[in-house]
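Chain and residue survey
So the chains spell out like this:
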Amino acid sequence: QVQLVESGGGLVQAGGSLTLSCAASGSTLSIFAMGWYRQAPGKQRELVASIRDDDVTNYVDSVKGRFTISRDNAKNTVYLQMNSLKPEDTAVYYCNLKPYTSREYWGQGTQVTVSS
C-alpha cells in the first residue's frame, strides 16, 4: 500500500509562484512515474506534468516554460514548481504515483487558486 501526502497549495496572485510537494510512503519500490494532475470545476482531470524513473519529464502544453517537475528519490518526494501562475491554473492538484506492477495511487488533492 502507498500513501501520498500533498502540501503547498494556496492562494496566490496572478504572476506569482507556488511549489507543490508530494511525499510517498509505504510500499514505494518499483515506481515507474510520479506526476501531478489537476481538475478545475466542471472540467475533466488532466495531466499537468510527470517524471519517470529515468527522469524523462512530460508537460501539458499550457504549462510548458512555467512549471517544473522534479523528484527526490531519497525522500520519495515529487515537487511541482509553478511560476508565472495564471487564473486558468486554478484547480485542485492531485499527486499521482504509477508503480511498474500494480495499480496507480492518488493523493487527496490540494487547492491552488490564482486570483487576477
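To keep things clear, this report deals only with the structure shown in the data block. (Residues numbered from 1 in each chain as written. Predicted model: local features only at pLDDT ≥ 70, side-chain atom pairs only at ≥ 80, totals over all residues. Heavy atoms only, no water.)

1. Describing the nonpolar core
Note the threshold: As used here, the term nonpolar core means buried Ala, Val, Leu, Ile, Met, Phe, Trp, Tyr and Cys residues forming a set that is joined through side-chain atoms within 4.5 Å. To sort residues, take the accessible area from a 1.4 Å probe on protein chains only and compare it with the maximum for the residue type: under 20% means buried, over 50% means exposed, and anything in between is partly exposed. Strands here are runs of E lasting at least two residues and helices are runs of H or I lasting at least four, both read from the DSSP assignment and numbered beginning at the N terminus. The contact criterion used throughout is that any non-hydrogen atoms of two residues lie within 4.5 Å.
Among the nonpolar cores identified, the biggest contains 28 residues, and Leu4, Met34, Trp36, Leu80, Met82 and Tyr93 are the most heavily contacted of them. Elements with a minimum of two residues in this core: strand S1 (2-7), strand S3 (18-26), strand S4 (31-39), strand S5 (46-52), strand S7 (67-72), strand S8 (77-82), strand S9 (91-99) and strand S11 (110-115). Not counting the four nearest positions on each side in its chain, Leu4 is found in contact with Cys22, Ala23, Ala24, Met34, Cys95, Asn96, Leu97, Tyr105, Trp106, Gly107 and Gln108.

2. Some remarks on unusual backbone geometry
Backbone geometry at Asn76 places phi at a positive 50 degrees, although glycine is not the residue there. Along the chain, the position of Asn76 falls in the loop between S7 and S8. Residue class for Asn76 comes out partly exposed when judged on its relative accessible area of 23%. Within the chain, Ser84 stands out as a residue other than glycine whose phi angle is a positive 50 degrees. With respect to the helices, strands and loops of the structure, Ser84 is situated in the loop between S8 and S9.

3. Points about the sheet that holds S8
Backbone-to-backbone hydrogen bonds join strands into a sheet, with any given pair of strands oriented parallel or antiparallel. Applicable threshold: In this scheme, strands are said to pair when DSSP sees at least two bridges between them. To get an axis, a line is fitted to the C-alpha atoms, and for a helix only the part in contact is used. The angle between two axes follows their N-to-C directions and goes from 0 to 180 degrees.
Strand order across the open sheet formed by four strands is S1-S3-S8-S7, with antiparallel pairing between neighbours. The sheet is open, and its two borders are formed by S1 and S7, each paired with just one other strand. Here the strands of the sheet are splayed against their neighbours by 15 degrees on average, with no regard to which way each runs.

4. Topic: the pairing of S4
Buried residues dominate S4, accounting for seven of its nine residues. One ladder, built from eight bridges, connects S4 with S9; its direction is antiparallel. Looking at the pairing, Gly35 lines up with Asn96 of S9. Where S4 and S5 come together, six bridges link them in antiparallel fashion. Directly across from Trp36, in S5, lies its bridge partner Ala49. Hairpin connection of S4 to S5: six residues between the antiparallel strands, including Gly42 at a positive phi of 80 degrees.

5. A short note on the pairing of S7
Only one face of S7 is buried, namely the one carrying Phe67, Ile69 and Arg71, since none of Thr68, Ser70 and Asp72 on the opposite face is buried. Relative to S8, S7 runs antiparallel, the two sharing six bridges. Across the sheet, residue Thr68 finds its bridge partner in S8, namely Gln81.

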